[in-house]
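Spelled out, the chains give:
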Amino acid sequence: MSLKPGMSTYDVLREHGVDRRTFLRFCTATAAAMGLDATMVPRVVEALENKPRIPVIWLHGLECTCCSESFIRSSHPITQDIIFNMISLDYDDTLQAAAGRQAEEIREALVRDHPGEYVLAVEGNAPTRDGGVYCTVGGRTFLDILQETAAKAKFVVAWGSCASNGCVQAAHPNPTGAKPVKDLISGKAVINVPGCPPIAEVMTGVLTYVLTFGRLPELDRFGRPKMFYGKRIHDKCYRRAYFDAGQFVETWDDDGAKKGWCLYKMGCRGPTTYNSCPTFKWNNGVSYPIQSGHGCLGCSEAGFWDNSSFYDRLTSIPVPGIEATPELIGKTLAVAAGVGVAAHFTSFMIKRGIGSKTENVEDGKD
Amino acid sequence: MATRVERFDPSDVAAQPHRYFRRKYVWQWPIRAFHWVNAICILVLFATGLYIANPILSPTGEAYGNFVMGRVLQVHYTFAFIFIVNFLWRIYWFWMGNPYARSGFPFVWKASWWRDLFRQAGDYLALRRGHVHLGHNALGGLVYTLFVIFLGWAQILTGLAMYSESNPGGFWSGIAGWVIPLAGGSFQVRMWHYLFAWVFITFSIVHVYIVFYDGQQYKNGLVTSMISGVKFYQEGDIDCDNWIS
Ligand code: SF4
């Protein structure tokens, strides 16, 4: 990154030949994405014009890079350029030109020379079993690098479900002991931006908010920004009318599926998932899973891999050794109760039949 | 309390020479009201809950012409709140009512309670008449505590947690939102809520049977007592509610 430190986003954009009109369009779009009203747009403009860009260290642990893939496809704020110039991405081992020792030196220098100034963005998480050897970068365990870098960071952004809540590598039985970022560092504010991957506009929205207001966005009890994770998919879903009507897809090719009925019975996780998919959608707002006819997988919720099949409405009992659905257990209980009752009743009747012949035997009286 | 039953009155024998029953007003009206409201709530909640978990009706036509799931949810929520208010009412009456309103409490620190528990279980299994209670026997009390009180709370809290999901950070989420991380996620909360509903039904089957059996075996008018509040006992029966305080 050849840009001078201390430059604002606007400075950088001008240098790259972006005109002011485009810049203002970007500011308006970003303000809207953050749920701010029109009167707040000048604040966004002012911040991006004047505030020096945030230096960001972007670490990659155990992950698939889908968060980065999503981020670089951010389309809402018009150009990828803007996104990348909004922050001063000083270290990102996937994207940077430097490699090997040279790359690591950049990170070490930032931690040493700018303590408390940079934002640590983490994609992926760290395995903890066997001293964390299942993920190493430059000969050191990722766990070590993460803790060292986090200790001096201003705050931490946990990108994606891996960093926020563990995702697939932490799914049962979690062979490497992978843990989400918030469980590995202490004393630092962590913004969780879950999703597999998170929506690009959500990622840029979080960064823009931080840059504009100089503070963390309001977080919910899971550390997620409320502005993007404050509503369920189900409550914003355009198929909700079919849910309320009681019209459900039963098989993937039935009439209901063709008419776009609700996917509840196909295992849709919309009712248990908080994300912005129905609002921002994906790929320039083209579509999102439910719109494409497939239920939501709940990828932004903790433990979504462990909630049995993606096509089941109810998960199985999470007790080891019991591979049964609550439906089966419940019905078994009810039937067992019925059988027990019938057995008791039968023996009571038999005993009474005998009793009436032997004249009122009342035993056990105290 | 350990109420001693008075020796039976000879004048009663004249009135009812073949059976020497005496009456006692045991269940006050708030208890009886609680019971029937609770029973209706459980039935309605179970029926609507089954539909919500597995919506089998499939109305045809346009979505605007139907409101099946919406209506079922409305009924479910309405009865859920009646259930909760009724529950709180019962807690109030636990303190305000007569000693029988407290007789179902598991007095686990009392040896007499444990003795009664095992004796009652033995009596039920051996189909013996055994001793008579006017309040709850220890076994009944324990079962109600586990399967009505505890399970009731579990259903209320998991239910409210799900109810609160449409407005995270709102009033209900402040009250029951903590259940979701405790259960390991909202999907797990649904699973427990569904399973507990079946446990309720299992309880109800056993409960209804035992009430009829108990009424037959002890001739104590147990079934009608939940309507009239009156229970019967016979000459020579000892009131065994001696752990009630
Ligand atoms: S498709 Fe999913 S999110 Fe949409 S209404 Fe149906 S259950 Fe809810």
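Conventions and cut-offs
Residues numbered from 1 in each chain as written. Chains lettered and ligands numbered in written order. Predicted model: local features only at pLDDT ≥ 70, side-chain atom pairs only at ≥ 80, totals over all residues. Heavy atoms only, no water. Helix = DSSP H or I, 4+ residues; strand = E, 2+ residues; numbered from the N terminus. Buried < 20%, exposed > 50% of the residue type's maximum accessible area, 1.4 Å probe, protein only. Contact = heavy atoms within 4.5 Å. Areas by Shrake-Rupley, 256 points an atom, 1.4 Å probe, with all protein chains shown as cover. Pairing = 2+ DSSP bridges. Axes fitted to C-alpha atoms, helices over the stretch in contact; angles between N-to-C directions. Parallel < 35°, antiparallel > 145°, perpendicular 65-115°, else oblique. Nonpolar A, V, L, I, M, F, W, Y, C, P; charged D, E, K, R; others polar. Salt bridge = Lys/Arg side-chain N within 4 Å of Asp/Glu carboxyl O. Phe/Tyr/Trp six-rings, centres within 6.5 Å; stacked < 30°, edge-to-face > 60°. Lys NZ or Arg CZ within 6 Å of the ring centre and 35° of its normal. Buried area = accessible area lost by both parts, 1.4 Å probe. Patch = residues over 30% accessible without salt bridge, like charges linked within 9 Å, V, L, I, M, F, W, Y side chains within 5 Å. Lys, Arg positive; Asp, Glu negative; His and termini not counted. Charge placed at Lys NZ, Arg CZ, Asp CG, Glu CD. pLDDT = per-residue confidence, 0-100. Expected span 1.5 Å × (residues − 1). Polar contact = N/O pair within 3.5 Å; in protein donor to acceptor, adjacent residues only side chain to side chain. Disulfide = S-S within 2.5 Å.

**Some remarks on the overall build of chain A**
Piece 1. When its secondary structure is counted, chain A shows 15 helices and nine strands.
Piece 2. A buried classification covers 52% of the 366 residues belonging to chain A.
Piece 3. Contacts spanning at least 24 positions in sequence make up 71% of the contacts within chain A whose residues lie at least 6 apart.
Piece 4. With an accessible surface of roughly 16,500 Å², chain A has 56% of that area assigned to carbon and sulfur atoms.

**Notes on the sheet that holds strand S3 (residues 119-123) of chain A**
Residues and elements named next belong to chain A.
Piece 1. Across the sheet, five strands lie side by side as S2-S1-S3-S7-S9; this open sheet has parallel pairing. Whereas interior strands pair on both sides, the edge strands pair on one side only; in this sheet they are strand S2 (87-92) and strand S9 (190-193). Across this sheet, the average inter-strand angle for adjacent strands is 25°, counted without regard to direction.
Piece 2. Pairing geometry for strand S1 (residues 54-60) and S3, over five bridges, is parallel.

**Observations regarding the packing of helix H4 (residues 111-125) of chain B against helix H5 (residues 138-163) of chain B**
Residues and elements named next belong to chain B.
Piece 1. Their axes nearest at 7 Å, the elements H4 and H5 cross at an angle of 95°. Between H4 and H5, the interaxial angle falls into the category roughly perpendicular. Mapping the contact onto sequence places Trp113, Asp116, Leu117, Gln120, Ala121 and Tyr124 in H4 and Ala138, Leu139 and Leu142 in H5.
Piece 2. Considering only residue class, the contact of H4 with H5 consists of seven nonpolar, one polar and one charged.

**Things to note about the pattern of salt bridges**
Piece 1. A complete count under the given rule lists 20 salt bridges over all chains for this structure.
Piece 2. What you see here is one network of salt bridges that share partners, running through Arg232, Asp235, Arg240 and Asp244 of chain A together with Glu165 and Arg190 of chain B.

**What about the pairing of S1 of chain A?**
Piece 1. When you tally the buried positions in S1 of chain A, you get seven out of seven residues, the bulk of the element.
Piece 2. Because side chains alternate across S1 of chain A, one face comprises the buried residues Ile54, Val56, Trp58 and His60 of chain A, and the other comprises Pro55, Ile57 and Leu59 of chain A, equally buried.

**Some words on the packing of aromatic side chains**
Piece 1. Counted under the stated rule, the structure contains 41 aromatic pairs over all chains.
Piece 2. The interplanar angle of 55° and the centroid separation of 6.4 Å between the aromatic rings of Tyr92 of chain B and Trp93 of chain B together place this pair among those described as tilted.
Piece 3. Judged by relative accessible area, which is 44%, Tyr92 of chain B ranks as partly exposed.
Piece 4. Overall, Trp93 of chain B belongs to the buried group, its relative accessible area being 15%.
Piece 5. With a centroid separation of 5.9 Å and an interplanar angle of 65°, the aromatic rings of Tyr124 of chain B and Tyr213 of chain B are classed as edge-to-face. Separated by 89 residues along the polypeptide, Tyr124 of chain B in helix H4 and Tyr213 of chain B in helix H8 (residues 186-218) bring together distant segments of the chain.
Piece 6. On the accessibility criterion, Tyr124 of chain B (9% relative accessible area) is buried.
Piece 7. Residue class for Tyr213 of chain B comes out buried when judged on its relative accessible area of 2%.
Piece 8. Ring pairing ties together the aromatic residues Phe345 and Phe348 of chain A together with Tyr124, Tyr209 and Tyr213 of chain B, which thus form one cluster.
Piece 9. The aromatic ring of Phe107 of chain B is capped on one face by Lys110 of chain B, whose charged end is 4.9 Å from the ring centroid.

**Describing the interface of chain B and chain A**
Piece 1. On the side of chain A, 51 residues touch chain B, which itself brings 53 residues to the contact.
Piece 2. Between chain B and chain A the total buried area reaches about 4,500 Å² when both faces are included, carbon and sulfur atoms providing 63% of it.
Piece 3. Among the residues of chain B in contact with chain A, Leu127, Phe187 and Tyr209 of chain B are the three that bury the most area, contributing 17% of the side total.
Piece 4. Where chain B touches chain A, the interface holds one salt bridge.
Piece 5. A salt bridge links Arg232 of chain A to Glu165 of chain B; the nearest nitrogen and oxygen atoms lie 3.8 Å apart.
Piece 6. Of all the secondary structure elements, the ones that give two or more residues to the side of chain B that touches chain A are helix H2 (29-53), helix H3 (68-96), H4 and H8 of chain B.
Piece 7. Element by element, the count of residues in the side of chain B that touches chain A is highest for H8 of chain B, at 17 residues.
Piece 8. Grouping the constituent residues of the side of chain B that touches chain A by class yields 31 nonpolar, 16 polar and six charged.

**Observations concerning a positive patch on the surface**
Piece 1. A grouping of Arg43, Lys51, Lys154 and Arg215 of chain A is seen on the molecular surface, where their side chains present a positively charged patch.
Piece 2. Relative to the helices and strands, Arg215 of chain A resides in the loop between helix H9 (200-213) and helix H10 (226-229).

**What to know about the confidence of the model for chain B**
All names here are of chain B.
Piece 1. Residues of chain B with pLDDT of at least 70 account for 87%, and the chain-wide mean is 86.
Piece 2. Contacts of residues 1-6 to residues separated by more than four positions or lying in other chains number 14 contacts, the stretch itself having pLDDT below 50.
Piece 3. At the level of chain-chain contacts, confidence expressed as ipTM amounts to 0.85, with global pTM at 0.85.

**Some points on H5 of chain B**
Piece 1. Along its 26 residues, H5 of chain B runs 35 Å from first to last C-alpha, staying within 8% of the 38 Å computed at 1.5 Å per residue.
Piece 2. N-cap assignment for H5 of chain B: the residue whose side-chain oxygen lies 3.0 Å from the backbone N of Leu139 of chain B is Asn137 of chain B.

**Concerning the environment of Lys24 of chain B**
Residue and element names in this part refer to chain B.
Piece 1. Looking at the secondary structure, you find Lys24 in strand S1 (residues 21-25).
Piece 2. When the C-alpha positions of Lys24 and Lys231 are compared, they lie 5.4 Å apart, and in sequence the two are 207 residues distant.
Piece 3. Discounting residues that sit within four places of it in the chain, Lys24 has contacts with Tyr100, Leu134, Gly229, Val230, Lys231 and Tyr233.

**Observations concerning the state of the cysteines**
Residue and element names in this part refer to chain A.
Piece 1. If you walk through the whole model with that rule in mind, you get zero disulfides over all chains.
Piece 2. This cysteine, Cys162, is not joined by any disulfide, and Cys167 carries the nearest cysteine sulfur, 4.3 Å off.
Piece 3. The class of Cys162 is buried, set by a relative accessible area of 11%.
Piece 4. Cys277 carries a free sulfur, and the closest cysteine sulfur to it, the one in Cys299, is 6.2 Å from it.

**A short note on the environment of Ala121 of chain A**
Piece 1. With respect to the element layout, Ala121 of chain A can be found in strand S3.
Piece 2. A C-alpha to C-alpha distance of 9.9 Å links Ala121 of chain A and Tyr91 of chain A, two positions 30 residues apart in sequence.

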